[in-house]
Amino acid sequence: MRHRHLPTAALALGVAVLLDVLRVWLPSIITIFGRAAETPAELLGAFALGWFVLALAAPVLVRWLGAGPVGLVAAGVLAATRLALTAAPGGRIQLWLACAGLLAGLLWLAATAATAVRPVPGLAFGLAGAAVGHALLGTEDLVWRGGLLGWTVSVVLVGAFLAAQGALRSTGGGETGAWPGGTAGRLAWPLLGPVLLLGGQLAFAPAVWDAAVSYRHGAAELAGLGLPPARLAPLPELVIGLFLVALLVRPPRPVARLLWPAALLAGAGLFAADRAGWLAAAVLLTAGGLGGCLALVDTVADRANPLVRRRTGPALVRATVPEHATAPDSVAGAAPMTGSGEGPGAGEPAEPDPGGRDGGGRRGFAVAGGMLGFAVGAVAYYAAYDLGYPNGWVPVLAALVIAAVAVAAPPGVAGPLRPPAPVGTAIVAMLLTAVGGAIHRPPPAPQPPATPPPAVRVVAYNIRMGFGLDGRLDLDEVARVVRDNRPDVVLLSEVDRGWLLNGGHDTLALLAGRLRMPYVFAPAADPVWGDAVLSRFPVRSGRSHPLPAHGAPTGAQALGVTLDLGGRDLAVVATHLQPPPGQGPVAQAREVAAFATGYAAGRPLVLAGDLNTEPGDPAFTAFTAAGLVDALAAARPLPTSPADDPRAQIDHVFVTPGLTPADVAAPHTTASDHLPVAVTLALP
C-alpha cells in the first residue's frame, strides 16, 4: 500500500467525495440561490464561477504553507462538509455548506497536484468508481438518502478518504515532488475539468445511460419516446467496461493517438446533435474516447525531464526510477532517484518537494484552471436554456481540448498494467454496474382491466427536477404527495433524466419505481429533459410533437399517449408551455390544442400540465376555443404557484366535453415550486 496503491486510492477516494459535494452544489445554485428562474442567468453564472476563480489562489497557498498541511486541512474540511450536507435541513445552510465543500475540494486538488507523480490512475478510478456507485444507488445520491444506509456508507467513504490521506502523509507519500523541470502530471491535471464535464454529461452519468436505454425499445408505435426497458440492457456495463479497457489495455501508440481522440470527438458530436436515438452511441464513444485519451497522457516523466534527456534508453530510464513509479498499476509513493550517474548524490533519492515549488505551482494552477474550465463549460451549456443560444459547441470544444492534449502528449515511462489486472478491474466494475441495474429494475408493464373503469383519477405535477423549495432532492415526498391522491394517470413536467446541472439523477425512473407505475417520456429541451406520463393502464401508442419556440429559450413539446382502459381508449396529452420573455404562450397553446384534438380523433381526451397561463388569458382561451373544457373550473380560484404562497393559476387540466370532472384538489406541499392538481374524470 505504501509504495504502490496508497496514492492512487487516496486520490480516487477524494475524487469520489468531491463529486458527492459537487452533485449537491450544482442544483443548490439553481434551486436555492436562483430559486429556479427567479434570479437572472447572468447573476447565477457569476456566482457559480466566482468559487472557481477564488480557487486559483490555492496554488499560492500551497507554496506558502506546503502541500502536506494544506492538503490535510482541505481534506478534513471536504470530509466534514460532505457529512454535514446529509444532515443539513436545506436552504441557505445547504448552499453555503456546499460552497465550502467545493472550495475545500479544489484546494485539496491543488495540494495533491503539487505532489502526485502519476495522477491519471487515481483520477480515472475515482470517476469510474463514483459512476458505479451512483448506478448501485439508482442515481440517487447518499447525500439525499440519509437513514441508516446513507449515513453508514457516507461515514465509511469519508473515513476511508481521511485514513488514506493520513497514511499518505505519515509515509511521506504526500510530500513527494515531481521530477524537477518535468511536465509529469501537468498534462493530466488541466484535463480534469473537461473530462469531468463530458463524463458528467455522458460517460460517467448512469442516469443518462438509463435514458439512452429507454429509447431503444423497438416499438414503432412509440418511436422517439422513452419507455422502461422490458429486460435488462447491457449498455451501462458496456460503458464502464469500455472506459476501463481503453484506460488500462493500451494498443500501439500510433493506433491509440488516432483511435481514441476520434472516438471522443464522434461521441461529443453525436451528443451535440440532440438526437435521442443517438444517445447510446454517444455515451459509448465518449466513454472509450475518455479512457483512451487519459491513457495517452498517463506518464510519470517525459522527454522534458533532464533525467530522461540524459539517458534516453527505456531500460536506463526504468533503472533510475523507483519500481513503484514505473509499476503499471501504481503511483509513486517515494521520492524519485537522481540516478544520472553524474555529480554528487547519483543513484540516491532526490530531495522531496514539500511545497510543490519545482513544478508543483504550475500543476496546481493547471488543475485549478482545468476546473475553472469545467465551470465555464457547465454554465455556458446550461445557461443556453435560459438565454436561448446554441450550446452544442460546449461538449465538442471540451472533446477537442482533451483530444488535442492526448495527441500531443509525449511518451513517458508509464507502461500498461500487467495482465490480468485490466480485465479483472473491468469485469468487477461491470458486474457491480449490472447489480445496480438488477436492484433498480423498472416496474412491469400493466395489463388492461377486464372492464373499463367508471372513472380515472388524473394528477398533473411540475416536479422541478425533484427538488423542493428547500433545495433538497426529496423524491419520497414527491411520490407521497402523488400517491395520496390515488392516481390512475400522472402527467409530469420538468422531468430530468441526467442533467449534470441537477446532480445527474434519473428522477423519472426513481419516481416510477416508488409509484410502481411505468412511464412514457418525451424529450423537450434535449434527450434527457422533458415531460412524462405514468399510468396504471397499458400504453397502446404515443407520439411527441415538438413545438416551435416562438422566441422562448427552452424547448417544448406535446406528448400524446393512448391508454387502453380495457376495451376503451383514453387519449392523454402532457405538455409544458414555454412563454417568450414578457409574453404569454399563445402560439404554443394554439398548436398544442390543435395537436391534442387531432391526436384524440374523437376519443375522450385529457390535456394537462404546467401551461404558464391563467384563466382568461389569451393562451388559456386558445384551449377553450378548441372545444376543451376546464376540468378545474368548479374549484376556481385554484392557485398553484409558488408552492409556499400560491398566487398564480398556471397548472391546468382540460378535457373533452364527454368527461365529467369531480373531486378537484391542489394539495399543499413544498416538494416542488408548484402544487400538483388532481381531478377525477367520469368516463362518458
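Counting from 1, residues in each chain are numbered in the order their sequence is written. Note on the predicted model: pLDDT of at least 70 is required for a residue's local features to be given, and 80 or more for side-chain atom pairs to be given and counted; whole-chain, interface and lining totals, by contrast, use all residues. To obtain the side-chain values, all non-hydrogen atoms of the structure were used and water was disregarded.

Along the protein, the regular secondary structure elements total 23 helices and twelve strands. Within the span of the protein, comprising 684 residues, buried residues form 59% of the whole. Here, residues are in contact when the closest pair of their heavy atoms is within 4.5 Å. In the protein, once contacts between residues fewer than 6 apart in sequence are set aside, the share between residues at least 24 apart is 78%. We get accessible surface area from the Shrake-Rupley algorithm with a probe of 1.4 Å; when it comes to residues, only the shown protein chains can shield them. Carbon and sulfur atoms form 65% of the exposed surface of the protein, whose accessible area is close to 24,000 Å². Helix and strand definitions follow DSSP, with helices as H or I runs of at least four residues and strands as E runs of at least two, each counted in order from the N terminus. For every residue, the accessible area (1.4 Å probe, protein chains only) is compared with the maximum for its type, and the residue is labelled buried under 20%, exposed over 50%, or partly exposed between those bounds.

It is worth spelling out helix 23 (residues 618–625) at this point. Ala 619, Phe 620, Ala 622 and Phe 623 are the residues of helix 23 that are buried. Viewed along the axis of helix 23, the buried residues span an arc of 150°, placing them on a single side of the element. Opposite the packed face of helix 23, turned more than 90 degrees from it, sit the exposed residues Pro 618 and Ala 625. After helix 23 finishes, the residue Gly 627 shows a positive phi value of roughly 95°. Arc definition: it is the arc formed by the directions from the helix axis to the C-beta atoms.

Let's shift gears to unusual backbone geometry. Residue Pro 637 is bonded to the preceding Arg 636 through a cis peptide linkage, with omega at -5°. Along the chain, Pro 637 falls in the loop between strand 9 (629–630) and strand 10 (651–655). Ser 641 connects to Pro 642 through a cis peptide bond whose omega is -10°. By the element assignment, Pro 642 lies in the loop between strand 9 and strand 10. A positive phi angle, near 55°, is found at His 550, a position not held by glycine.

This part covers the pattern of salt bridges. Any two side chains of opposite charge can pair if their charged atoms end up close together. Any carboxyl oxygen of Asp or Glu that lies within 4 Å of a side-chain nitrogen of Lys or Arg is treated as forming a salt bridge with it. Summed over the entire model, instances satisfying the criterion amount to 16 salt bridges. For Arg 23, the salt bridge identified is with Asp 141, shortest N-O distance 3.0 Å. One end of the pair, Arg 23, is in helix 1 (residues 6–33); the other, Asp 141, is in the loop between helix 6 (120–136) and helix 7 (142–145), and 118 residues separate them in sequence. By the burial criterion, Arg 23 is buried, and Asp 141 matches it. Residue Asp 663 pairs with Arg 486 through a salt bridge whose shortest N-O separation is 3.7 Å. One end of the pair, Asp 663, is in strand 11 (residues 660–665); the other, Arg 486, is in the loop between helix 20 (475–484) and strand 2 (489–496), and 177 residues separate them in sequence. Exposure remark for Asp 663: the relative accessible area of 45% places this residue in the partly exposed category.

Hydrogen bonding along the main chain pairs the strands of a sheet, whether they run parallel or antiparallel. Ordered in space as 5-6-7-8-10-9, the six strands form an open sheet in which the pairing is mixed. Of all the strands in the sheet, just strand 5 (539–547) and strand 9 have a single pairing partner and so form its edges. Strand direction decides the pairing type here: strand 9 and strand 10, joined by two bridges, are antiparallel. Residue Val 629 lies in a different strand from strand 10, and its bridge partner there is Val 655. Strands strand 5, strand 6 (556–564), strand 7 (569–576) and strand 8 (605–610) of the sheet are contacted by helix 22 (residues 586–600), whose axis makes an angle of about 155° with strand 5. Strand pairing is assigned whenever DSSP detects at least two bridges linking the two strands. Only the stretch in contact is used when a helix axis is fitted, and all axes are lines through C-alpha atoms; the angle between N-to-C directions ranges over 0 to 180 degrees.

Looking now at the sheet that holds strand 11. Ordered in space as 3-4-2-1-12-11, the six strands form an open sheet in which the pairing is mixed. Since the sheet does not close on itself, it has two edges, and those belong to strand 3 (519–526) and strand 11, each with one partner. Strand-to-strand twist of the sheet, defined as the mean angle between neighbouring strand axes without regard to direction, takes the value 20°. Here strand 1 (residues 455–462) runs beside strand 12 (residues 677–682); their pairing, made up of six bridges, is antiparallel. Across the sheet, residue Val 458 finds its bridge partner in strand 12, namely Val 679.

Summarising burial for strand 8: six of the six residues are buried, a large majority. Both strand 7 and strand 8 contribute to a ladder of six bridges, which runs parallel. Residue pairing across strands places His 576 opposite Asp 610, the latter belonging to strand 8. The handedness of the strand 7 to strand 8 crossover, carried by helix 22, is right-handed. Here the term right-handed applies to a crossover when the path leading from its first strand over the helix to its second strand runs clockwise, the strands being oriented away from the viewer.

A few words on the environment of Tyr 215. Following the sequence through the fold, Tyr 215 ends up in the loop between helix 10 (206–214) and helix 11 (235–248). Among the residues examined, Tyr 215 registers a relative accessible area of 10% and is labelled buried. Each C-alpha atom, one on Tyr 215 and one on Pro 229, is 8.5 Å from the other, the two residues being 14 residues apart in sequence. Among residues more than four places away in sequence, those in contact with Tyr 215 are Gly 224, Leu 225, Gly 226, Ala 276, Leu 279, Phe 521, Pro 523 and Pro 527.

Turning to the environment of Ala 130, a few remarks are in order. For Ala 130, the position within the fold is in helix 6. Between the alpha carbons of Ala 130 and Asp 20 there is a distance of 8.4 Å; along the sequence they are 110 residues apart. Ignoring sequence-local partners within four residues, the contact set of Ala 130 consists of Ala 16 and Leu 19.

Moving on to the nonpolar core. By size, the foremost hydrophobic cluster in this structure holds 148 residues, and its most contacted members are Trp 25 and Leu 534. Sort the elements by how many residues they give to this core and helix 1 lands first, with 15 residues. Setting aside residues up to four positions removed in sequence, Leu 534 forms contacts with Asp 488, Val 489, Val 490, Leu 492, Leu 508, Ala 512, Leu 515, Met 517, Pro 518 and Tyr 519. The criterion is simple. A nonpolar core is a set of buried Ala, Val, Leu, Ile, Met, Phe, Trp, Tyr and Cys residues joined through side-chain atoms within 4.5 Å. Among the nonpolar cores identified, the runner-up in size contains 32 residues, and Val 458, Phe 537, Ala 631 and Val 655 belong to it.

When pLDDT drops low, the exact placement of atoms in the prediction is not to be read closely. Confidence per residue, as judged by the predictor, is encoded in pLDDT with a range of 0 to 100. Mean pLDDT over the protein works out to 87, with 87% of the residues at or above the 70 mark. Between residues 174–182, whose pLDDT stays under 50, and residues either more than four places distant or in other chains, the model counts 38 contacts. Taken together, the stretch residues 301–358 has pLDDT below 50 and engages in 127 contacts with residues farther than four places along the chain or on a different chain.

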